[in-house]
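Spelled out, the chains give:
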Amino acid sequence: MAVRAVRGAVQLERDEAGHMDEQVGALLTAVLERNGLTTDDLISIWFTATPDLHSDFPAAAARKLGILDVPLICAQELDIEGAMPRVVRVLAHIESDRPRAEINHVYLGAAAALRKDIAQ
């Protein structure tokens with residue numbers, strides 16, 4: 001079994017904890033489903049949030065989904081002028097037999113513009 005990395009992002013409409021839980025939950029669910037994964041395949045997940053998000057930790061949404069025994073960490077994204085606002089990004093390390101070229105990176109909604117080269 002190989003270790004792979006899966007990227008993803010979602011743009012929030014507003015900075016509210018419930019909305020963040022919903023959107024980050026949808027992102028994580030899509031990452032798992034599109035790659036045929038279960039929570040047992042997860043090694044760790046890094047979350048970043050743009051500096052304009054302060055209502056909650058993105059990792060809290062993972063815990064609410066039942067991702068309980070996986071190491072999670074949150075960090076603040078760089079504050080770059082002109083960058084897309086209200087974005088949560090994920091970098092999930094997984095165990096998978098899929099070749100690297102078959103990993104499905106997930107960019108939901110407007111966040112698809114961040115990585116048109118790999119967005120599904």
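Residues numbered from 1 in each chain as written. Predicted model: local features only at pLDDT ≥ 70, side-chain atom pairs only at ≥ 80, totals over all residues. Heavy atoms only, no water.

## Structural notes on the nonpolar core
Here comes step 1: Counting 29 residues, the largest nonpolar core has Leu 28, Leu 42, Ile 45, Phe 47 and Val 88 as the members making the most contacts within it.
Here comes step 2: Elements that contribute at least two residues to this core include exactly strand 1 (2–11), helix 1 (17–34), strand 2 (42–49), helix 2 (58–64), strand 4 (87–96) and strand 5 (106–108).
Here comes step 3: No other element matches helix 1, which puts 7 residues into this core. (Core = buried A, V, L, I, M, F, W, Y, C linked by side-chain atoms within 4.5 Å. Buried < 20%, exposed > 50% of the residue type's maximum accessible area, 1.4 Å probe, protein only. Helix = DSSP H or I, 4+ residues; strand = E, 2+ residues; numbered from the N terminus.)

## Points about the sheet that holds strand 2
Here comes step 1: Sheet architecture is open: 5 strands sit in the order 3-2-4-1-5, paired in mixed fashion. The open sheet is flanked by strand 3 (72–76) and strand 5, the only strands paired with a single partner. Neighbouring strand axes in the sheet, compared pairwise and without regard to direction, differ in orientation by 15 degrees on average.
Here comes step 2: Note that strand 1 and strand 5 share 3 bridges and pair parallel. Across the sheet, the residue bridging to Val 10 is Leu 108, located in strand 5.
Here comes step 3: Against the sheet, helix 1 makes contact with strand 1, strand 2, strand 4 and strand 5, and its axis sits at roughly 145 degrees relative to strand 5, the strand it touches most. (Pairing = 2+ DSSP bridges. Axes fitted to C-alpha atoms, helices over the stretch in contact; angles between N-to-C directions. Contact = heavy atoms within 4.5 Å.)

## Some points on the pairing of strand 1
The side chains of a regular strand alternate, residue by residue, between the two faces of the sheet.
Here comes step 1: Where strand 1 lies against strand 4, 10 bridges are found, and the strand directions are antiparallel. Pairing of Ala 2 across the sheet is with Ser 96, part of strand 4.

## Describing the pattern of salt bridges
Here comes step 1: What the rule picks out here adds up to 4 salt bridges.
Here comes step 2: As a salt-bridge pair, Glu 16 and Arg 14 come within 3.0 Å of each other at their nearest N and O atoms.
Here comes step 3: On the basis of relative accessible area, Arg 14 is assigned to the partly exposed category, the value being 36%.
Here comes step 4: For the salt bridge of Glu 77 with Arg 89, the shortest nitrogen-to-oxygen distance reads 3.7 Å. Of this pair, Glu 77 sits in the loop between strand 3 and strand 4 while Arg 89 sits in strand 4, and the two are 12 residues apart along the sequence.
Here comes step 5: Of the residues examined, Glu 77 reaches a relative accessible area of 23% and is grouped as partly exposed. (Salt bridge = Lys/Arg side-chain N within 4 Å of Asp/Glu carboxyl O.)

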